[in-house]
Amino acid sequence: MLRPIKHLRSIRAKRFLSTCESYFPDEPKAPILKTSTIPGPKSEQLNNELGEIFDNRATYFVSDYYNSKGNYISDADGNYLLDVYAQISSIALGYNNPELIKTAKSDEMTNALINRPALACFPSTDYATILNEGILSAAPKGMNKVWTALSGSDANETAYKAAFMYHHTKRRNGDFSAEELESVMNNELPGASDMVILSFDKGFHGRLFGSLSTTRSKAIHKLDIPAFNWPKAPFPSLKYPLNEFEAENRQEEDKCLQEFESIIKSYNGKVAAMIIEPVQSEGGDNHATPYFFQQLRKITQDNDVLMIVDEVQTGVGASGKLWAHEHFDLPSPPDMVTFSKKFQAAGFYFSNPELQPNQPYRQFNTWCGDPSKALIAKTIYQEVVKHDLVNKTASIGNYLFSNLKSLAEKYPILNLRGENFGTFIAWDCKDANERGKLLLSLRNKGINIGGCGDYSIRLRPPLVFEQKHADIFLSALEDALKEL
Amino acid sequence: MATKYFPNEPTGPKVVQFPGPISTAKKESLHKVFDSRATYFVVDYKKSIGNYIVDVDGNTFLDVYAQIASIPLGYNNPALIEVAKSDKMINAIVNRPASGNFPAEELEETIQDLLAVAPKGQNQVWSGLSGADANELAFKAAFMWYQAKKRGYATAFSTEENDSVMKNQSPGSPELAILSFERSFHGRLFASASTTCSKPIHKLDLPSFNWPKAQFPSYKYPLDKNEDANKQEDQRCLDIVEDLLKNWKCPIAALLIEPIQSEGGDNHGSSFFFQGLRDLTLKYGSLLIIDEVQTGVGATGTFWAHEHFNMSPAPDMVTFSKKFQTAGYYFHDPEIVPNVPYRQFNTWCGDPARMILGGAIGKEVKSNDLSAVCKRVGEYLYGKLEALQAKYPTYFQDLRGKDRGTFIAWSFESGATRDKFLTDMKQSGINMGSCAETSIRLRPTLVFEEKHADILLAAIEKVISGY
Ligand SMILES: Cc1ncc(COP(=O)(O)O)c(C=O)c1O
Ligand SMILES: Cc1ncc(COP(=O)(O)O)c(C=O)c1O
């Protein structure tokens, strides 16, 4: 008897429920602050203990993930913060999303966890289906294959490997020479490669040795680590607001394009690929216009340089498109697109079959990905589609942006960036010191938020961030700015 | 334990048709989206159980390869199913934290479980995601440690360092090396591939760091009949190491070695050799990193293979992955933690879901003393293989792994015979792996027992007696 009534109620209620409310009926209505500063005493104590066995000096606070919900992260002291940082931009559907819980509890997940396959040698019956229904359904236009990896750095490095092998194979007629086979065992040419990956000033692509060689954001990411002496090109520094500086910005982009072209043309050696973020995120949320990316695509094609777009941070909806580079209307798709973070699974998309090395066991390792993460990615993608979360994020982003623009008239919100770019929004503070103060003040008002670059603040909420969350954020921000 | 975990484990392999039609079709369709050219067969993991792997055509193989040495407790182990279904696991999967910034309350407990099985002398851990990742993180720690020794742990970076590093140039990006060995395997990302030296195909066409290689001992077998020659071989190799530590064109921050070179052919080194390496690294101020990615977690009869060597003092770092399901490195010197935060860092800094599994695996291995089981079963298996060797010497060259649990290998006279043997074994229901050019290696799970050994031995003899 009870059942149909409940059912009816939920249908009726559903019409009025936002996606977030339907996922998280008991999401907190606002931040809940139990301690006067964050981290609170319990967080401090737990963190001190953890420090004995694990480097935790970058800890903001110790989190209670069991009680975190939707857009709110809970900490060890029982505080609930509105989270617009979301695990460095890697939570897609909010904390404890019921659909992800369902997937996590499924037999498929248990199977993927406890019988982890060496995927390239012993793939499971359902791996093709999991990929097809998830990661590949989400593929950017023009991409129909994937190689799976484990993190953003790993995704980029496997893409670099594909690029190097592709170019060498093209240049070589047939088999490896005896000299190549021998020299490579001494890490020497010609078996080892002297080709390079070009990246951009202030770019961030990860922290393993190949990816770190392309990372150009901050010295602290790179110091003391041997690096490949690979080239970098300048990334445009645009002036804001964009509509007031169109001519200057075009000039700046042309200058960068010229320099890019001149580097790859005059480079003493072969530039196998270039890698670029649609928005340089760690490096300060630096944007360039579609024109810049379109031209890059043309130049790379004209010069036989592969174009790798690093969508590790920008991918999966936050920009108001599923993939941020879809904003650019490129003349032809990039050669590879890398992903991780919000997708939980990592890897790179491609379409040219020659980006698969000419022989097996060249792009290879023990696990070659992780089916448990591919399952999560599949659910994330299906939920994003089902609830139209990309378009919703686009419109909430517009709301957020226009309100920030109004605040910028009264307060030092400088170089506001990310118009028509979903919730992928950032601005500059006067200096690092003021940024630090603002971030802390916001945290103590119940907003968990992150910086990027030297003096910027970035918004990276999940895809279930809605107007009511935006309002809470905006009013906390205004209070914090007032107090500066 | 196998019976307790798996009351329904098959009593033997069953080959219907191999390669089967469904597997072949599935492999092809997978290839449209994911490179499947290295695929042996497509697996039905839901039906696989204990030591037996079942493919989509219903072939049931006794698995002594175990996902390239990475399944610890057999397929569908009930203890792990319980962990996979626990609230802790669900929480770790759906709320994957950036543990460097926002560690979970339970992270300490999760790490304590990993530390409960740490090698002697190690009391801290940094986590990664794969074997290559674990090694490269350890290299980074070694490089930062080395420069800190030179500069002073608390000394600030110079302006010149800060500027040059953004151009990938010295002194900010210093020229430093990791010393590894010929025939070693440490992974396939750029730095780990620079230390890997097993086969050209792993390395060709990749830019690499021009880091040095020492020689790993090549012993004469059987060991007990060649003690003097092998001791001389140890000394010869140690001299090469010392020469490189002294004379290589740039400083060597760390020496990296597997307790048993696995991909490179299951090459063993003696306790004398390993202690010699420990002494040399101390003498020349380099760190000693032991790569236990393939050897770790019980199979050699001790939880960590390098524990057989009783090195003193303990190695500086020990890397792990594979059977532990979680990856990373153990260490103990507080100065292996870089001087400021955000230097050893990335988005996730590990994966709690996998760490929880690793902790549970450690507990099962300890509480059921599975290392001892491997030791016992390994002795049994090795003895029987010795008997087969006496009977068919050409097909059992350089039998290796005495007193190393089930971590056993031997060589054939040629790669072609070895490959034929592997194919024939598959037809006989045994899934088995090779290493280097002419060897096969046994890498069963830790729940491989005498009854499985008997099935394996019978199949080997049946195949070889037909040659
Ligand atoms: C654009 C981009 N690429 C790559 C990475 C590296 O990802 P991971 O930390 O997972 O290695 C990041 C991480 O912040 C990133 O933002
Ligand atoms: C000793 C050793 N180290 C490192 C690795 C690399 O591990 P992964 O394939 O997980 O990167 C392997 C893999 O076979 C290995 O055997």
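The notes below deal with the structure included here. These numbers come from a predicted model, not from an experiment. (Residues numbered from 1 in each chain as written. Chains lettered and ligands numbered in written order. Predicted model: local features only at pLDDT ≥ 70, side-chain atom pairs only at ≥ 80, totals over all residues. Heavy atoms only, no water.)

## Focus on helix H13 (residues 371-386) of chain A
Residues and elements named next belong to chain A. For H13, spanning 16 residues, the distance from its first C-alpha to its last is 22 Å, which sits close to the expected 22 Å at 1.5 Å a residue. Among the 16 residues that make up H13, 13 are buried, leaving the element largely enclosed by the rest of the structure. Asp388 sits one or two positions beyond H13 and adopts a positive phi of about 55°. (Helix = DSSP H or I, 4+ residues; strand = E, 2+ residues; numbered from the N terminus. Expected span 1.5 Å × (residues − 1). Buried < 20%, exposed > 50% of the residue type's maximum accessible area, 1.4 Å probe, protein only.)

## Things to note about the site of ligand 2
Residues in close proximity to ligand 2 total 15 residues, the closest being Thr366 of chain A together with Gly131, Ala132, Asp291 and Gln294 of chain B. Close to ligand 2, residues of chains A and B are found. Between Thr366 of chain A and ligand 2, the recorded distance is 2.6 Å, taken from a side-chain N or O atom to an oxygen atom. Gln294 of chain B is positioned such that a nitrogen or oxygen atom in its side chain is 2.8 Å from an oxygen atom of ligand 2. For ligand 2, whose unbound accessible area comes to 380 Å², protein coverage reaches 97%. Among the elements that make up the shell around ligand 2, the one with the highest residue count is helix H7 (residues 131-151) of chain B (3 residues). Residue composition of the shell around ligand 2, grouped by class: 3 nonpolar, 8 polar and 4 charged. (Near = heavy atom within 4 Å. Polar contact = N/O pair within 3.5 Å; in protein donor to acceptor, adjacent residues only side chain to side chain. Areas by Shrake-Rupley, 256 points an atom, 1.4 Å probe, with all protein chains shown as cover. Nonpolar A, V, L, I, M, F, W, Y, C, P; charged D, E, K, R; others polar.)

## Quick notes on the sheet that holds strand E9 (residues 287-291) of chain B
Residue and element names in this part refer to chain B. Taken together, 7 strands build an open sheet; the order of strands is E3-E11-E10-E9-E6-E4-E5 and the sheet is mixed. Strand pairing shows two members of the sheet lacking a second neighbour, strand E3 (124-128) and strand E5 (213-214), which therefore form its edges. Two strands pair when backbone bridges link them, and strand E4 (residues 177-181) and E5 are joined in this way by 2 bridges, in the parallel orientation. Each bridged residue has a counterpart across the sheet, and for Phe181 the counterpart in E5 is Ala214. (Pairing = 2+ DSSP bridges.)

## Examining the packing of helix H5 (residues 87-94) of chain B against helix H12 (residues 352-367) of chain B
Residues and elements named next belong to chain B. Two numbers describe how H5 lies on H12: the axes approach to 8 Å, and their chain directions differ by 150°. In terms of their interaxial angle, H5 and H12 are classed as roughly antiparallel. In this structure, H5 contributes Lys88, Met89, Ala92 and Ile93 to the contact, and H12 contributes Pro352, Ala353, Ile356 and Leu357. Along the lines of polarity and charge, the residues of the contact of H5 with H12 split into 7 nonpolar, no polar and 1 charged. (Axes fitted to C-alpha atoms, helices over the stretch in contact; angles between N-to-C directions. Parallel < 35°, antiparallel > 145°, perpendicular 65-115°, else oblique. Contact = heavy atoms within 4.5 Å.)

## Description of the site of ligand 1
With respect to spatial proximity, 15 residues lie near ligand 1, and among them Gly152, Ser153, Asp310 and Gln313 of chain A together with Thr347 of chain B are the closest. More than one chain approaches ligand 1, the contributing ones being chains A and B. With respect to ligand 1, the backbone of Gly152 of chain A contributes an N or O atom lying 2.9 Å from an oxygen atom. A distance of 2.8 Å separates an oxygen atom of ligand 1 from a polar side-chain atom of Gln313 of chain A. With 3 residues, the top contributor of residues to the shell around ligand 1 is helix H8 (residues 152-171) of chain A. Along the lines of polarity and charge, the residues of the shell around ligand 1 split into 2 nonpolar, 9 polar and 4 charged.

## Comments concerning the sheet that holds strand E16 (residues 450-452) of chain A
All names here are of chain A. Strand order in the open sheet formed by 4 strands is E13-E14-E17-E16, with antiparallel pairing between adjacent strands. Here the strands that pair on one side only, and so sit at the sheet edges, are strand E13 (414-417) and E16. Sheet twist, expressed as the mean angle between neighbouring strand axes with direction ignored, is 25°.

## Digging into a negative patch on the surface
On the surface, Asp224, Glu227, Asp228 and Glu386 of chain B cluster together into a negatively charged patch. Inspection of the secondary structure puts Glu227 of chain B in helix H10 (residues 227-247). (Patch = residues over 30% accessible without salt bridge, like charges linked within 9 Å, V, L, I, M, F, W, Y side chains within 5 Å. Salt bridge = Lys/Arg side-chain N within 4 Å of Asp/Glu carboxyl O. Lys, Arg positive; Asp, Glu negative; His and termini not counted. Charge placed at Lys NZ, Arg CZ, Asp CG, Glu CD.)

These values are about where atoms sit, not about what they do.
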